[in-house]
Structure formats: structure tokens, C-alpha cells
Amino acid sequence: MTRANVQVVLNDTAKNPYSQESIIRRLLINGATDEYIMKLFNVSDNKIEELKEKNEECISQVTRLISKNEKKFGNYGEYSQPENMMIDSFIIHQMALAEALGLTISQYREIYKY
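These lines cover the structure that appears in this document, whether it is placed above or below. The structure presented is a predicted model; accordingly, all values stated were derived computationally and were not measured. (Residues numbered from 1 in each chain as written. Predicted model: local features only at pLDDT ≥ 70, side-chain atom pairs only at ≥ 80, totals over all residues. Heavy atoms only, no water.)

**Here we look at the overall build of the protein chain**
As a reminder of what qualifies: Each helix is a run of H or I in the DSSP string that is no shorter than four residues. Each strand is a run of E no shorter than two, and both are numbered from the N terminus. Exposure is judged per residue with a 1.4 Å probe applied to protein chains only, and the accessible area is read against the type maximum: over 50% gives exposed, under 20% gives buried, and values in between give partly exposed. Only heavy atoms matter for contacts: two residues are in contact if any of them lie within 4.5 Å across the pair. To be clear on the numbers: accessible area is Shrake-Rupley with a 1.4 Å probe, and residue cover counts the displayed protein chains and nothing else.
If you tally the helices and strands in the protein chain, you get six helices and zero strands. The proportion of buried residues among the 114 residues of the protein chain is 32%. Summarising the internal contacts of the protein chain: among those between residues at least 6 apart in sequence, 50% fall at separations of at least 24. As presented, the protein chain carries roughly 7,500 Å² of accessible surface, and 52% of it is formed by carbon and sulfur atoms.

Dropping the structure here:
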């Protein structure tokens with residue numbers, strides 16, 4: 001996993017960071033093995049798979065939003081032509097969305113594979 005993906009999961013679990021579910025999701029995204037987690041928390045394979053899916057869905061949701069932003073407003077988007085340029089430059093939109101998502105601009109670009 002990329003550091004950006006780790007940050008997305010950290011952000012998603014921030015409301016209740018010390019719950020068992022949040023800790024497991026954080027361990028999973030940071031590369032802990034299923035076996036380690038099962039022993040530490042006494043959870044089933046099914047529970048681990050469920051939490052892996054939550055992480056993947058969360059990352060996918062953020063990736064889709066960033067991708068939509070890039071397609072709509074990026075170099076090849078409908079607003080990229082000078083006559084269609086919005087008052088604020090595209091970089092302002094990237095930075096604003098990154099901040100709204102709790103990411104740095106580097107993490108934003110890492111997710112989009114800038």
C-alpha cells in the first residue's frame with residue numbers, strides 16, 4: 001500500500017481510533033498479517049476479509065473522487081481550455097480537495113498517479 005492509501009484509511013477510522021475495528025483496519029493497511037491479527041484480537045478470517053473490503057471501498061471512493069476532479073478540471077478536462085478556465089487555477093482545486101480529504105497534495109497526486 002502507498003502512504004496515501006494508509007492516510008485515507010487513517011482518516012476513515014479517525015472518529016473512533018481505538019476501537020477494535022479501527023485498529024485492525026489500520027494494522028491491515030500497514031501490512032500486518034491476517035494470522036497476527038487473528039491471534040491478537042481473536043477474530044475470524046471472515047471478519048478480516050470484511051475489514052479489508054472496508055479499506056478497499058474507502059480507498060476506491062477517494063480515488064474515484066480524485067479521478068473525477070482530474071478528468072473534469074485537469075489538463076484534458078472540459079475546463080482546461082483558456083476560454084473555460086475558472087477564476088481559480090486548477091492547482092487551487094487540487095489543493096482544496098486534498099485538504100478536504102485530509103491529504104497532502106503529494107498524497108493526492110500519489111493516489112491519482114500524477
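Continuing now.
**Brief notes about the side chain of Gln-94**
For clarity, the threshold we go by: Polar contacts, as counted here, are pairs of nitrogen or oxygen atoms within 3.5 Å of one another; within protein the pair requires one atom able to donate a hydrogen and one able to accept it, and residues that are adjacent in sequence qualify only if both atoms are side-chain atoms.
Its place among the elements puts Gln-94 in helix H5 (residues 90–100). Using a relative accessible area of 1% as the deciding quantity, one classes Gln-94 as buried. Polar side-chain contacts of Gln-94 include one of 2.8 Å to the side chain of Glu-70.

**Quick word on the side chain of Ser-19**
Summarising the element assignment, Ser-19 is placed in the loop between helix H1 (3–12) and helix H2 (20–29). Within polar-contact distance, the side chain of Ser-19 engages the backbone oxygen of Asn-16 at 3.2 Å.

**Some details on the pattern of salt bridges**
Applied cut-off: Salt bridge, as used here, is a side-chain nitrogen of Lys or Arg placed within 4 Å of a carboxyl oxygen of Asp or Glu.
As enumerated under the stated definition, the model contains seven salt bridges in all. Each of the salt bridges in this network shares a partner with another, and the network as a whole consists of Asp-34, Glu-49 and Lys-52.

**Section: the nonpolar core**
Defined as follows: Here, the term nonpolar core denotes a set of buried Ala, Val, Leu, Ile, Met, Phe, Trp, Tyr and Cys residues that are joined through side-chain atoms within 4.5 Å.
Judged by nonpolar contacts, the single largest core of 14 residues is most densely connected at Val-8, Val-62, Ile-66, Leu-103 and Ile-111. Contributions of two or more residues to this core are made by H1, helix H4 (45–73), H5 and helix H6 (105–112). Ignoring anything within four residues of it in the chain, the contact list for Val-62 reads Val-8, Leu-101, Leu-103 and Ile-111.

**Examining the packing of H2 against helix H3 (residues 34–41)**
This is how the line gets drawn: Only C-alpha atoms enter the line fits that serve as axes; for helices the fit covers just the stretch in contact. Angles between N-to-C directions range over 0 to 180 degrees. Oblique is the label for every angle not falling under 35 degrees (roughly parallel), over 145 degrees (roughly antiparallel), or within 65 to 115 degrees (roughly perpendicular). A clockwise turn of the near helix away from the far one marks a right-handed crossing, whereas an anticlockwise turn of less than a right angle marks a left-handed crossing. Note on residue categories: nonpolar means Ala, Val, Leu, Ile, Met, Phe, Trp, Tyr, Cys or Pro, charged means Asp, Glu, Lys or Arg, and polar means any other residue, Gly included.
Where H2 contacts H3, the two axes come as close as 10 Å, and the packing angle between them is 160°. Here H2 lies roughly antiparallel to H3, going by the angle between them. As for the relative orientation of H2 and H3, their crossing is right-handed in sense. Along its contact with H2, which presents Gln-20, Ile-23, Ile-24, Leu-27 and Leu-28, the element H3 presents Asp-34, Tyr-36, Ile-37, Leu-40 and Phe-41. When grouped by side-chain class, the residues that make up the contact of H2 with H3 number eight nonpolar, one polar and one charged.

**A word on the environment of Glu-57**
Tracing the sequence through the fold places Glu-57 in helix H4. Side-chain polar atoms of Glu-57 contact the side chain of Arg-64, separated by 3.1 Å.

**Remarks on H6**
Note the threshold: Taking the helix axis as origin, the arc is that swept by the directions to the C-beta atoms.
Taken together, the buried positions of H6 are Gln-107, Tyr-108 and Ile-111. Seen end-on, H6 carries its buried residues on one side only, within an arc spanning 105°. Of the residues one or two after H6, Lys-113 is the one with positive phi, at around 60°.

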